Amino acid sequence: MGERDINGQNFNVHREQSVARMLMSAQEIAELNVIGTDIAGFTIIAHAIDAAAKIPVDDVASSQVLLVELRQDDPASMQRLVSLCEDVPNGRIIALVRDPSIAVVRLLMRNGLTDVLTLPLMRDELEQVLHQIRDSMQEEAVADHQLGKVVAIIPSVGGVGVTTLVTQAGALQAHRDEDLSREACIIDLDLQFGNAATYLGLNPSLTVADMIEAGPRLDRDMLLAACAKGPLGVRVVAAPPDIMPLEAVSTDQIFNLVDLAAREFRTVFLDLPCNWTNWSLSLIGRTDLIILVIELTVASLRQARRQLNLLASQGLQKVPVMIVANRVQKRLFRTISLADAEQALKHPVHYSIENDFPLLCTAQDQGVLIGDIKSKSKVAKDLVTMLEGCDEMLGRSE
Ligand SMILES: Nc1ncnc2c1ncn2[C@@H]1O[C@H](COP(=O)(O)OP(=O)(O)OP(=O)(O)O)[C@@H](O)[C@H]1O
Ligand SMILES: [Mg+2]
């Protein structure tokens, strides 16, 4: 099991089960009824070994929790435990003792022991301690591992430019993240009509459908194998090649995929389907930022208002929402202004992206970035400004 797996105990992704290993004499093991069972996410394994015998290095290395028998009246047994605590300073070590004396417990705790349990072992006491350990492992995992930020880009109406923003901004973000050694990733969850990969000139053989099908077998290697490398190094997990029913997917499956991606990449952009499903709405609650894409039309504003209402009704207000007006015409041709939009939405419209159909259309038809068609464009500038705003809202601007 790799370090990532240990660090990621708090994530609902597939990983090998953690091991709580009991090192006890054969007669104590004979009294146990927990061997081979799973308790608090730990598989309980026993190794028959005398209370003073040397603890094999392999046992230590292959266990997340060690439960070690101690005979208080045997100095060698006592010394063995003290040495173990010294050798594995951050280990989770529990002493198993018959009638433990307060003096011994104090001494052991001072030496870094995690806890003491009384023999004969009671299942509920073991369960309680293992739960506490599990919780502290999860807290450490969050602190240890800098999780990437998940940004969902959602439409007000179909065709408003979600995939354009996901792909063009995703690639620009990959460029911005370049020096930070963690890449940006796009996951195309528009399971029926997704074309993010096509917009970037990619045609990967593995897609989101394979990740979903893999179920609990989904792991980091599989995710990386599915991540096609696009322009500026952006990683793309493509939508399925065939239209699949939106409801064929479970929330757990999608969460696993997104959690894995967030552990791997600094920024994860999600292209979501226009129609809400249980899983897509649930996923919104797990994101760090929502970009709601509007255009300055009555229909788009109306639907955007409904989207905001829906998010509020589902208790999702805690996720920050950035509103981006796409395809914004030059001032002279606008019938609805940004101020009108803000008034209609009762929400600030944070950024706008210039309307430039020839540029976008050419880039998308060729599967390249707009920068490859035109080195400097207002659209690209607008996208960078939007990404700077994202960093700010994600709390990671310098
Ligand atoms: N800023 C823009 N200026 C001009 N045209 C744009 C702009 N952004 C997107 N478009 C064009 O709008 C069309 C729809 O864009 P896109 O596919 O990104 O929308 P979408 O919201 O993902 O649509 P769907 O609902 O089909 O998934 C494309 O032809 C794209 O080139
Ligand atoms: Mg789209």
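Residues numbered from 1 in each chain as written. Chains lettered and ligands numbered in written order. Predicted model: local features only at pLDDT ≥ 70, side-chain atom pairs only at ≥ 80, totals over all residues.

1. So, the nonpolar core
Point 1. Ile153, Ile187 and Val268 are the most contacted members of the largest nonpolar core, which has 83 residues in total.
Point 2. At seven residues, helix H7 (residues 162-177) tops the list of elements feeding residues into this core.
Point 3. Of all hydrophobic cores here, the second largest spans 27 residues; its members include Ala20, Leu67, Leu126 and Leu130. (Core = buried A, V, L, I, M, F, W, Y, C linked by C-beta atoms within 7 Å. Buried ≥ 20, exposed ≤ 12 C-beta atoms within 10 Å, placed from the backbone. Helix = DSSP H or I, 4+ residues; strand = E, 2+ residues; numbered from the N terminus.)

2. Section: the packing of helix H13 (residues 298-313) against helix H14 (residues 338-345)
Point 1. Running from N to C, H13 and H14 cross one another at 40°; their axes reach a closest spacing of 9 Å. The pairing of H13 with H14 is recorded here as oblique in orientation. Here H13 and H14 pass one another in a crossing that is right-handed. Every residue of H14 that contacts H13 at Leu301, Ala304, Arg305 and Leu308 is listed here: Ala341, Ala344 and Leu345.
Point 2. Residue composition of the contact of H13 with H14, grouped by class: six nonpolar, no polar and one charged. (Axes fitted to C-alpha atoms, helices over the stretch in contact; angles between N-to-C directions. Parallel < 35°, antiparallel > 145°, perpendicular 65-115°, else oblique. Left-handed = near helix turned anticlockwise from the far one by under 90°. Contact = placed C-beta atoms within 7 Å. Nonpolar A, V, L, I, M, F, W, Y, C, P; charged D, E, K, R; others polar.)

3. Overview of the sheet that holds strand S13 (residues 321-328)
Point 1. Within the open sheet, the eight strands sit side by side as S9-S10-S8-S11-S7-S12-S13-S14. Their pairing is mixed. Bordering the open sheet on either side are strand S9 (228-229) and strand S14 (351-354), each of which pairs with just one other strand.
Point 2. Here five bridges tie strand S7 (residues 149-155) to strand S12 (residues 289-294), and the two strands are oriented parallel to one another. Following the sheet pairing, Ile153 is matched in S12 by Ile291.
Point 3. Most of the contacts of H13 go to S12, to which it runs at about 160°, and overall it touches S7, S12 and S13. (Pairing = 2+ DSSP bridges.)

4. Describing H13
Point 1. Helix length check: H13, at 16 residues, gives a terminal C-alpha distance of 23 Å against a target of 22 Å (1.5 Å per residue), a fit within 8%.
Point 2. Residues of H13 that are buried: Ser300, Leu301, Ala304, Gln307, Leu308 and Leu311. In an axial view of H13, the angular spread of the buried residues amounts to 115°, which keeps them on one side of the axis. Those residues of H13 that are exposed and angled more than 90 degrees off the buried face are Val298, Ala299, Arg306, Asn309 and Ser313.
Point 3. Next to the buried residues of H13 lie S7, helix H12 (278-284), S12, S13 and H14. (Expected span 1.5 Å × (residues − 1). Arc of directions from axis to C-beta.)

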